[in-house]
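Inside the fold
Each chain is listed here by its residues.
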Amino acid sequence: MLPILYSYRRCPYAIRARMTLQYAGIQVEHREIQLRNKPQSMLMASPKGTVPVLIVGDLVLDQSIEIMQWALQQSDPDSWGGIDEVAAQIWIERNDGPFKVLLDQYKYPNRHPNLNQGDVLNAAIALMLKPLDAALDSNHYILGNTQHWIDIAIFPFIRQFSMVNPQQFAQLPLPALKNWLTNHLQSELFNAIMSRHPVWID
């Protein structure tokens with residue numbers, strides 16, 4: 001039986017998991033969920049109710065980074081895992097922690113009426129976008145001139161940020177970051193995992 005992957009097409013956590021599974025050549029049974037009507041089979045496997053969830057036999061992985069690491073343990077043809085893990089963890093903690101908070105504040109201003117959107121944007125630039133641009137100005141990828149899992153882990157969140165206000169993002173002086181983002185958006189890997197799937201119903 002194939003591993004079962006519960007996913008949601010636009011979720012950045014699910015995107016990075018799907019990209020890594022695709023890269024590793026791991027076939028899965030894709031179960032696309034509706035956020036407002038999550039299948040009971042997923043909730044029984046992972047009560048926290050968020051995607052992605054990967055079920056491999058008796059093994060349940062419900063953290064996207066865990067799924068990425070598991071996939072790379074099965075197959076890593078281009079040595080995505082061969083990086084400074086301490087440096088990678090610093091980026092992940094920044095991305096998945098305070099930057100994700102700012103991303104949600106930027107994307108859903110109606111949920112945060114007490115916040116100034118200009119301040120949120122400037123905080124995101126200072127925390128994540130500008131440091132990424134600086135790193136990518138001297139290298140093709142975040143931690144060097146070879147793509148690694150950290151690029152795939154962060155890309156979907158930068159994609160989501162850029163889509164909130166495309167005109168505003170286009171005006172930001174972040175040329176290296178924009179080039180990196182465009183390369184990912186145009187990659188065969190990304191486009192291979194963005195196919196639409198029918199909603200899974202138990």
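See the structure shown above.
Since this is a predicted model, take the numbers as computed values, not measurements. (Residues numbered from 1 in each chain as written. Predicted model: local features only at pLDDT ≥ 70, side-chain atom pairs only at ≥ 80, totals over all residues. Heavy atoms only, no water.)

**Topic: the overall build of the protein chain**
We count it as follows: Numbering of helices and strands runs from the N terminus; a helix is a DSSP stretch of H or I covering at least four residues, while a strand is a stretch of E covering at least two. Only protein chains enter the accessibility calculation, which uses a 1.4 Å probe; a residue whose area is less than 20% of its type maximum is buried, one above 50% is exposed, and one in between is partly exposed. Surface accessibility in these figures is a Shrake-Rupley result with a 1.4 Å probe; residues are shielded only by whichever protein chains are displayed.
In terms of helices and strands, the protein chain carries nine helices and four strands. For the protein chain, the α and β elements follow one another from N to C terminus as β-α-β-α-β-β-α-α-α-α-α-α-α. When its C-alpha atoms are laid out on the principal axes, the protein chain stretches across 50 × 40 × 30 Å. When burial is assessed residue by residue, the protein chain has 46% of its 202 residues classed as buried. Carbon and sulfur atoms form 51% of the exposed surface of the protein chain, whose accessible area is close to 10400 Å².

**Let's talk about the packing of aromatic side chains**
Any pair of aromatic rings gets described here by the distance separating the centres and the angle formed by the planes. Heads up, the rule is: Side-chain rings of Phe, Tyr and Trp (the six-membered ring for Trp) are treated as a pair once their centres are within 6.5 Å; stacked means planes under 30 degrees apart, edge-to-face means over 60, and tilted covers the remaining angles. To sit over a ring, a charge needs its Lys NZ or Arg CZ within 6 Å of the ring centre and within 35 degrees of the ring normal.
Applying the stated criterion to the full structure yields five aromatic pairs. Between Tyr106 and Phe161, the aromatic rings sit 4.3 Å apart at their centres with planes inclined by 15 degrees, giving stacked as the arrangement. Of the two residues, Tyr106 is situated in helix 4 (residues 85-107) and Phe161 in helix 6 (residues 149-164); the sequence distance between them amounts to 55 residues. The buried category is assigned to Tyr106, whose relative accessible area is 6%. Given a relative accessible area of 1%, Phe161 falls into the buried group. A network of ring pairs unites the aromatic residues Phe99, Tyr106 and Phe161 as a single cluster. Above the face of the Tyr108 ring, Arg111 is positioned so that its terminal group lies 3.7 Å from the ring centre.

**Observations regarding a positive patch on the surface**
To be explicit about the condition: Patches in this entry comprise residues that are over 30% relatively accessible and not in a salt bridge; like charges within 9 Å are linked, as are nonpolar side chains (Val, Leu, Ile, Met, Phe, Trp, Tyr) within 5 Å. Here, a salt bridge means any side-chain nitrogen of Lys or Arg that lies within 4 Å of a carboxyl oxygen of Asp or Glu. For this count, His and the chain ends are skipped, Lys and Arg are scored as positive, and Asp and Glu as negative. The location of each charge is read from NZ of Lys, CZ of Arg, CG of Asp or CD of Glu.
Taken together, the side chains of Arg10, Lys107, Arg111 and Arg196 present a region of like positive charge at the surface. Considering the arrangement of structural elements, one finds Arg10 in the loop between strand 1 (4-7) and helix 1 (12-23).

**Details of the side chain of Arg18**
The condition is simple: Counting of polar contacts relies on pairs of N or O atoms within 3.5 Å, with two restrictions inside protein: one atom must be capable of donating a hydrogen and the other of accepting it, and residues adjacent in sequence are counted only when both atoms are side-chain atoms. Between two residues, a contact is recorded if the distance between any of their heavy atoms is within 4.5 Å.
By the element assignment, Arg18 lies in helix 1. Among buried charged residues, Arg18 stands out as having no salt bridge; its nearest opposite-charge side chain is Glu32, 5.4 Å away. A polar contact is formed between the side chain of Arg18 and the backbone oxygen of Arg9, at a distance of 3.0 Å. Not counting chain neighbours up to four residues away, the residues in contact with Arg18 comprise Leu5, Ser7, Tyr8, Arg9, His30, Ile193 and Met194.

**Points about the pattern of salt bridges**
For the coordinates displayed, the defined rule picks out three salt bridges. A salt bridge links Asp96 to Arg16; the nearest nitrogen and oxygen atoms lie 2.6 Å apart. Separated by 80 residues along the polypeptide, Asp96 in helix 4 and Arg16 in helix 1 bring together distant segments of the chain. Judged by relative accessible area, which is 1%, Arg16 ranks as buried. Between Arg31 and Glu29 there is a salt bridge, with its nearest N and O atoms 2.8 Å apart. A relative accessible area of 12% means that Arg31 is categorised as buried. The exposure class assigned to Glu29 is partly exposed, which follows from its relative accessible area of 27%.

**Observations regarding the environment of Ala45**
When you line up the elements, Ala45 lands in helix 2 (residues 40-45). Residue Ala45 is classed as partly exposed on the basis of its relative accessible area, which comes to 26%. Through-space distance from the C-alpha of Ala45 to that of Leu121 is 37 Å; in sequence the pair is 76 residues apart. When residues no more than four places from it in sequence are discounted, the contact partners of Ala45 are Ile55 and Val60.

**Observations concerning the sheet that holds strand 1**
Selection criterion: Paired strands, in this sense, are two strands between which DSSP finds at least two bridges. Between the N-to-C directions of two axes lies an angle of 0 to 180 degrees, each axis being a line fitted to C-alpha atoms and, for a helix, fitted only over the stretch in contact.
The four strands are arranged 2-1-3-4 in an open sheet whose pairing can be described as mixed. Here the strands that pair on one side only, and so sit at the sheet edges, are strand 2 (29-32) and strand 4 (59-61). Neighbour to neighbour, the strand axes of the sheet diverge by 15 degrees on average, direction disregarded. As paired strands, strand 3 (residues 53-56) and strand 4 are joined by three bridges and run antiparallel to one another. Bridge assignment links Leu54 to a residue of strand 4, and that residue is Leu61.

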